[in-house]
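# Structural overview for review
Here is how the chains run, residue by residue.
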Amino acid sequence: QVQLVESGGGLVQAGGSLRLSCTASRGVDNIYPMGWYRQAPGKQRELVATISSGGITNYADSVKGRFLISRDNAKNTVYLQTDSLKLEDTAVYYCWIGTARGAYWGQGTQVTVSS
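These figures come from a predicted structure and were not determined experimentally.

### Some points on the side chain of threonine 82
Looking at the element boundaries, threonine 82 is found in strand β8 (residues 77–82). Ignoring anything within four residues of it in the chain, the contact list for threonine 82 reads Gly16, Ser17, Leu18, Arg66 and Phe67.

This is how it looks when you write it as structure tokens:
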């Protein structure tokens, strides 16, 4: 069973920044892609960003130039630096890992952007 533990969410004013972290449980190979999705109230879960084990990244158009995904393979940890936050970035952010046994999700961390 793969466990993902997230941290770093919170309340921030528009234009501010937050750094989200997600660590996979010990024993998970660091060869798998990891990433972040988000779900706003009344909306479907959507991709935010993903990163391969080799560092290849993919971003949703809505966050390009504002968010930066990175990972530390030695720590089995993925990060999401969120800058220039907008009201529409308010959502629960979920960490994700895609393994040979399937996809796993974190419990989610709330990001709330206020005006």
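Next comes the rest of the description.
### Focus: the pattern of salt bridges
Charged atoms that come close allow side chains of opposite charge to pair. Tallied over the full model, the rule gives 4 salt bridges. Of the charged contacts, one joins glutamate 46 and arginine 38 as a salt bridge, the two residues approaching to 2.7 Å between their closest N and O atoms. Taking the relative accessible area as the measure of exposure, glutamate 46 reaches 37% and is therefore partly exposed. According to the relative accessible area criterion, arginine 38 is buried, its value standing at 6%. Salt bridges here are not isolated pairs; linked through shared partners, they connect Arg38, Glu46, Arg66 and Asp89.

### Notes on the packing of aromatic side chains
Enumeration over the complete set of coordinates arrives at 2 aromatic pairs. Among the aromatic residues, ring-to-ring pairing joins Tyr37, Trp96 and Trp105 into one connected group. In this structure, arginine 45 packs its charged tip against the face of tryptophan 105, placed 4.6 Å from the ring centre.

### Notes on the nonpolar core
Counting 30 residues, the largest nonpolar core has Leu4, Trp36, Leu80 and Tyr93 as the members making the most contacts within it. Elements with a minimum of two residues in this core: β3 (18–24), β4 (34–39), β5 (46–51), β7 (67–72), β8, β9 (91–99) and β11 (109–114).

### A closer look at the pairing of β9
Burial analysis of β9 places 8 of its 9 residues in the buried class, the great majority of the element. Pairing of β4 with β9 involves 6 bridges; the strand directions are antiparallel. Within β9, the position partnered with glycine 35 by the bridge is tryptophan 96. By the bridge criterion, 4 bridges tie β9 to strand β10 (residues 102–105) in an arrangement that is antiparallel. By the bridge assignment for β10, isoleucine 97 is matched with tyrosine 104. Here β9 folds back onto β10 in antiparallel fashion, the turn holding 2 residues.

Rules of the game
- Residues numbered from 1 in each chain as written.
- Predicted model: local features only at pLDDT ≥ 70, side-chain atom pairs only at ≥ 80, totals over all residues.
- Heavy atoms only, no water.
- Helix = DSSP H or I, 4+ residues; strand = E, 2+ residues; numbered from the N terminus.
- Contact = heavy atoms within 4.5 Å.
- Salt bridge = Lys/Arg side-chain N within 4 Å of Asp/Glu carboxyl O.
- Buried < 20%, exposed > 50% of the residue type's maximum accessible area, 1.4 Å probe, protein only.
- Phe/Tyr/Trp six-rings, centres within 6.5 Å; stacked < 30°, edge-to-face > 60°.
- Lys NZ or Arg CZ within 6 Å of the ring centre and 35° of its normal.
- Core = buried A, V, L, I, M, F, W, Y, C linked by side-chain atoms within 4.5 Å.
- Pairing = 2+ DSSP bridges.

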